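# A look at the structure
The chain contents come next:
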Amino acid sequence: MAPGESSGGPEERLGIVIPVPEPLSGELGRARASYNDPLAAVVPAHITLVTGGSTHDLEGATAHVRAVAAATDPFTVRLHGTGTFRPVSPVVYLALAEGADACARLHRRLLDGPLEAERTFDYHPHVTLAQEVAEACLDRAMAEMAGFTAEFRVATIGLFQADAAGLWALREELPLGRPVEAPH
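None of the values given here were measured: they were computed from a predicted structure. (Residues numbered from 1 in each chain as written. Predicted model: local features only at pLDDT ≥ 70, side-chain atom pairs only at ≥ 80, totals over all residues. Heavy atoms only, no water.)

Most of strand β7 (residues 127–131) sits inside the fold, with 4 of its 5 residues counted as buried. In terms of strand pairing, strand β6 (residues 91–98) meets β7 through 4 bridges, oriented antiparallel. The partner of Tyr93 across the bridge, within β7, is Thr128. (Buried < 20%, exposed > 50% of the residue type's maximum accessible area, 1.4 Å probe, protein only. Helix = DSSP H or I, 4+ residues; strand = E, 2+ residues; numbered from the N terminus. Pairing = 2+ DSSP bridges.)

So this is what it looks like as structure tokens:
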């Protein structure tokens, strides 16, 4: 067998996120760009649930993510204030004042299946404002967004797949909750 392959096929990298809806996503993207974050133009605002998950069973992993989404009720996220991972990681983020527990449960359920995810740090749901930028930009993001508050309903999750070059593309957007069937 070739490196990176098993009897289940080649290794695939998956990521699962909660998209921040518009117009809030655009507003946060503009804020991120103002802090000179180079990813602001290519990474929409989101809450990561699983990053860099790997599997040799793409269809099984996709079915698992679909099942977890269907079994999860929509919930509300309220963003309030800023936080940072400094000095461990040069990141400033918006904190979840509501919805963090629901995100953590969803994270655990997604990993309880055919996905193996990198676990460099403990899971901490957040929306990134600035990352890998100058300290002054991190400080400015922390101060300027300290009083920021916004709320949105989480009704979908996005399943992303990395290509051979490491670029992420949306594979599927999955609604939360079981569809209501019409009476017969």
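In this section: the pattern of salt bridges. What the rule picks out here adds up to 6 salt bridges. Arg66 is the salt-bridge partner of Glu172, the closest N and O atoms lying 2.8 Å from each other. Of the two residues, Glu172 is situated in strand β10 (residues 168–175) and Arg66 in helix α2 (residues 58–70); the sequence distance between them amounts to 106 residues. In this structure Arg66 comes out as partly exposed when scored by relative accessible area, which is 38%. The partner of Arg140 in a salt bridge is Glu144, and the shortest N-O contact between them spans 3.5 Å. Here Arg140 and its partner Glu144 are both found in helix α4 (residues 135–144), 4 residues apart, which amounts to about one turn of the helix. Accessibility expressed as a relative area gives 31% for Arg140, which makes it partly exposed. Among the residues examined, Glu144 registers a relative accessible area of 47% and is labelled partly exposed. Each member of the salt-bridge network shares a partner with another, and the members are Arg86, Glu135 and Asp139. (Salt bridge = Lys/Arg side-chain N within 4 Å of Asp/Glu carboxyl O.)

What follows is about unusual backbone geometry. Omega for the bond connecting Glu22 with Pro23 falls within 30 degrees of zero, at 5°, which places this linkage in the cis form. Along the polypeptide, Pro23 turns up in the loop between β3 (12–19) and α1 (24–34). At the junction of Arg86 and Pro87, the peptide bond is cis and its omega measures out at 5° in the coordinates. Within the fold, Pro87 resides in the loop between β5 (75–84) and β6. Located in the positive-phi region is Asn36, a residue other than glycine, with phi close to 65°. Along the polypeptide, Asn36 turns up in the loop between α1 and β4 (46–55). Looking at Asn36, the relative accessible area reads 52%, which means it is exposed. For Glu132, which is not glycine, the phi dihedral falls at a positive 55°. Along the chain, the position of Glu132 falls in the loop between β7 and α4.

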